Amino acid sequence: MLVEKVAFIGSGELAESLLKGFLDKKFIAADQVWMNNHTNKERLADLEKTYHVHTTQDKAVALKKADLIIFAFRPADTSAAVAEMKPFLRRDQLIITLMVGVPTAFIQSAAGVDLPIVRAMPNTSASIGLSATGIAAGACVSEAQLNLAKQLFETVGTVSVVAENEIDVIAGVAGSGPAYLYYLAQSMQEAGVREGLSEASSALLVQQTLLGAANLLKQSEKSASDLLNAVATPGGTTQAGIDTLDNHSVREAVNACIHQAIVRAKEMSAPFSK
Ligand SMILES: NC(=O)C1=CN([C@@H]2O[C@H](COP(=O)(O)OP(=O)(O)OC[C@H]3O[C@@H](n4cnc5c(N)ncnc54)[C@H](O)[C@@H]3O)[C@@H](O)[C@H]2O)C=CC1
Ligand SMILES: O=C(O)[C@@H]1CCC=N1
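Every chain's residues receive numbers from 1 upward, in the order its sequence appears when written. Throughout, the order in which chains and ligands are written sets their labels, letters from A for the former and numbers from 1 for the latter. Since the coordinates come from a predicted model, pLDDT governs what is reported: local features require at least 70, and pairs of side-chain atoms require 80 or more to be given and counted, while whole-chain, interface and lining totals use all residues. No hydrogens and no water enter the side-chain calculation; it runs on all heavy atoms of the structure.

**Student:** Looking at this model, I keep getting lost on the pattern of salt bridges. Mind explaining?
**Tutor:** Any two side chains of opposite charge can pair if their charged atoms end up close together. For this document, the term salt bridge refers to a Lys or Arg side-chain nitrogen within 4 Å of an Asp or Glu carboxyl oxygen. This structure, assessed with the given rule, holds nine salt bridges. Across the pair D24 and K20 runs a salt bridge whose closest N-O atoms are separated by 3.3 Å. Placement of the pair is D24 and K20 together in helix α1 (residues 13-24), with a separation of four residues, close to one helical turn. Residue D24 is classed as partly exposed on the basis of its relative accessible area, which comes to 46%. Of the charged contacts in the structure, one is a salt bridge between R264 and E267, with a shortest N-O distance of 2.9 Å. Of the two residues, R264 and E267 both sit in helix α12 (residues 250-269), three residues apart, roughly one turn of that helix. For R264, a relative accessible area of 44% puts it in the partly exposed group. Several salt bridges share partner residues, and in doing so they unite R119, E164, D168 and K266 into one network. In this description a helix means any DSSP run of H or I spanning at least four residues, a strand means any run of E spanning at least two, and both kinds are numbered starting from the N terminus. Exposure classes here rest on a 1.4 Å probe applied to the protein chains alone. A residue is buried below 20% of its type maximum, exposed above 50%, and partly exposed in between.

**Student:** What is the right way to look at the site of ligand 1 in this model?
**Tutor:** Each residue is tested against the molecule or strand, and it is near if at least one of its non-hydrogen atoms lies within 4 Å. Close to ligand 1 lie 23 residues; E13, L14, K59, F73 and R74 are nearest. One of the backbone nitrogen or oxygen atoms of E13 is found 3.0 Å away from an oxygen atom of ligand 1. For ligand 1, an oxygen atom lies 2.8 Å from a polar atom in the backbone of L14. For accessible areas, the Shrake-Rupley method is used with a probe of radius 1.4 Å. Any residue's cover is judged against the shown protein chains and nothing else. Relative to its free-state accessible area of 830 Å², ligand 1 is covered by the protein chains to the extent of 84%. Using a 2 Å cut-off from the grid points, one finds that ligand 1 occupies the second largest pocket. For the shell around ligand 1, the secondary structure elements donating two or more residues are α1 and α4 (78-85). The residue inventory of the shell around ligand 1, partitioned by class, reads eleven nonpolar, seven polar and five charged. Throughout this description, a polar contact denotes any pair of N or O atoms lying within 3.5 Å of each other; where both atoms belong to protein, one of them has to be capable of donating a hydrogen while the other can accept it, and for residues adjacent in sequence the pair is counted only when both atoms sit in side chains. Site definitions follow a grid-based scheme: protein atoms alone, a 1 Å grid, a 1.4 Å probe that fits but cannot get out for cavities, and for pockets an open set with protein on both sides within 12 Å along at least five of seven lines, plus lining residues having an atom within 4 Å of a point. The way we define it, a molecule is inside a pocket or cavity when more than half of its atoms are within 2 Å of that pocket's grid points. Each residue receives one of three labels: charged for Asp, Glu, Lys and Arg, nonpolar for Ala, Val, Leu, Ile, Met, Phe, Trp, Tyr, Cys and Pro, and polar for the others, Gly being one of them.

**Student:** Would you explain the side chain of D168 in this entry?
**Tutor:** Of note, D168 is situated in helix α7 (residues 167-175). Only 3.4 Å separates the side chain of D168 from the side chain of K266, close enough to count as a polar contact. Contact definition: two residues touch when any of their heavy atoms are within 4.5 Å. Beyond its immediate chain neighbours, meaning those up to four positions away, D168 contacts G101, R119, I262, A265 and K266.

**Student:** Mind showing me how you'd approach the environment of V231 here?
**Tutor:** Relative to the assigned elements, V231 resides in helix α10 (residues 224-231). Sequence-wise, V231 and L63 are 168 residues apart; in three dimensions their C-alpha atoms are separated by 53 Å.

**Student:** Quick question: what am I supposed to make of the domain arrangement of the chain here?
**Tutor:** Interface extent is often summarised as the accessible area lost during association of the parts. Segmentation into domains, and thus their bounds, comes from an automatic or database assignment. Taken domain by domain, the chain consists of domain 1 (6-167) and domain 2 (177-267). Here domain 1 and domain 2 have C-alpha centroids that lie 32 Å from each other.

**Student:** Looking at this model, I keep getting lost on the packing of α4 against helix α5 (residues 104-111). Mind explaining?
**Tutor:** Axis separation between α4 and α5 bottoms out at 9 Å; the angle between their running directions is 45 degrees. Considered as vectors, α4 and α5 are oriented oblique to each other. The crossing of α4 and α5 is right-handed. Counting all contacts with α4, which are made through T78, S79 and V82, the residues of α5 involved are F106, I107, A110 and A111. Of the residues in the contact of α4 with α5, the class split is five nonpolar, two polar and no charged. For every element, the axis is a line fit to its C-alpha atoms; helices are fit only across the contacting stretch, and the angle between N-to-C directions ranges from 0 to 180 degrees. Just so you know how the angles are binned, under 35 degrees is roughly parallel, over 145 roughly antiparallel, 65 to 115 roughly perpendicular, and the rest oblique. In a left-handed crossing the near helix is turned counterclockwise from the far helix by less than a right angle, and in a right-handed crossing that turn is clockwise.

In structure tokens form, the structure reads like this:
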């Protein structure tokens, strides 16, 4: 399946991360892309200037002849956005929806048409081709359409095809996941500075440490716990640090963090599941 025209409805942080990744990997060319939002003309002008894509505040223009439509607005804006799009949505268009907590069945029923809708949960690392994305097929999606969505997200990272009820878990682990690591990076950088490093030096050391550890975790045959043990010389500095994390119940905190993110996804889905 070839894609002729892609419309992004909603042009915020995630839409830009995906756009950048898709263009860099040449899955689509800039002149095949229409970016839309409903109020922020300046944002559209910036995107047009940076990526040379088409932009429009008119949904009819964005959606006309679009064969791939990406819903990238916030969950709370779903009903209004789908109502605006309703006259222009057709069964031969593939929709990819990114909103946390919004089931494909809700969009289907709000649109009033049997639309092929793939639910996807990528993360912002798509901008550099390193997203961990989960995708799930809605009721009317053919195998070819699911494959197209898979191919699309494979251009910007790894893809796990899951059942739709697992998307909330993927949101909690991988959609929000980069933020947990940025939180860790912030904390490590601040600690480095507090202990006497310059801001620049601490930032570089932390960036490279995270990058090296992530690459090794991906490339090595060893598990995270084997790799941890390889760093922690018995009686050494690492063990002193890890014992302190354990004393502060950081493992439990990470579990609770992911659990709460998933609970929030479920809370957010409540208005759409009635
Ligand atoms: N930011 C992230 O890392 C991730 C976000 N998501 C999901 O992606 C969606 C977008 O998130 P962000 O990009 O962070 O939000 P954002 O707030 O940066 O962008 C939302 C965009 O939607 C536009 N919008 C609102 N109502 C609209 C309407 N009626 N018609 C057209 N455009 C409209 C806004 O103008 C804005 O451009 C959310 O639903 C979120 O749950 C999913 C995975 C990761
Ligand atoms: O924070 C959020 O709600 C969105 C969904 C996953 C990542 N960002």
